[in-house]
Amino acid sequence: MSTDLLERLAELPVPPPPPPKTFDRAVHQRINSRLIVGQILDLLFRGFGYAVLQFAKVTLSALQFTFTGKLPDNKHDRGQPPV
């Protein structure tokens with residue numbers, strides 16, 4: 001018996017590969033479940049956070065208009081440089 005790791009591994013029997021359909025299906029199920037979880041987390045954290053931010057901006061603008069009677073100056077929000 002050799003002391004080299006690679007030679008010892010070469011002596012071990014290699015198990016047969018799994019059937020292709022079951023192996024492919026298992027890989028796809030694991031990948032798809034992780035992708036779905038990632039997409040849902042992305043929607044919850046980034047999408048929901050963005051929606052809350054936009055709603056807060058609109059609500060504050062409505063309150064400002066209610067108390068002052070003037071529309072807020074939001075030219076820089078529309079891609080135009082501030083004056």
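Now for a description of the structure that goes with this document. (Residues numbered from 1 in each chain as written. Predicted model: local features only at pLDDT ≥ 70, side-chain atom pairs only at ≥ 80, totals over all residues. Heavy atoms only, no water.)

Our next topic: the overall build of the protein chain. Counting its secondary structure elements, the protein chain contains two helices and zero strands. Buried positions account for 0% of the 83 residues belonging to the protein chain. For the protein chain, the exposed surface amounts to about 8,100 Å²; the carbon and sulfur share of it is 68%. (Helix = DSSP H or I, 4+ residues; strand = E, 2+ residues; numbered from the N terminus. Buried < 20%, exposed > 50% of the residue type's maximum accessible area, 1.4 Å probe, protein only. Areas by Shrake-Rupley, 256 points an atom, 1.4 Å probe, with all protein chains shown as cover.)

Looking now at a nonpolar patch on the surface. A contiguous nonpolar surface patch, about 610 Å² in accessible area, is contributed by I36, V37, I40, L41, L44 and F45. Residue position: L44 is located in helix α2 (residues 20–68). (Patch = residues over 30% accessible without salt bridge, like charges linked within 9 Å, V, L, I, M, F, W, Y side chains within 5 Å. Salt bridge = Lys/Arg side-chain N within 4 Å of Asp/Glu carboxyl O.)

A separate point is the pattern of salt bridges. Inspection of every chain in the model, using the stated rule, returns one salt bridge. Here R46 and D42 are joined by a salt bridge, their closest N and O atoms 2.6 Å apart. Note that R46 and D42 are positioned in helix α2 at a spacing of four residues, about one turn of the helix.

What follows concerns the environment of S61. The topology assignment puts S61 in helix α2. Classification of S61 by relative accessible area gives partly exposed; the value is 22%.

With that settled, the discussion passes to α2. With 49 residues, α2 should cover 72 Å at 1.5 Å per step; its first-to-last C-alpha distance of 70 Å lies within 8% of that length. Its axis deflected by about 30 degrees at L43, α2 carries its strongest bend there. Looking at the residues trailing α2, positive phi occurs at G69, about 80 degrees. (Expected span 1.5 Å × (residues − 1). Bend = angle between axes of the 7 residues up to and from the residue.)

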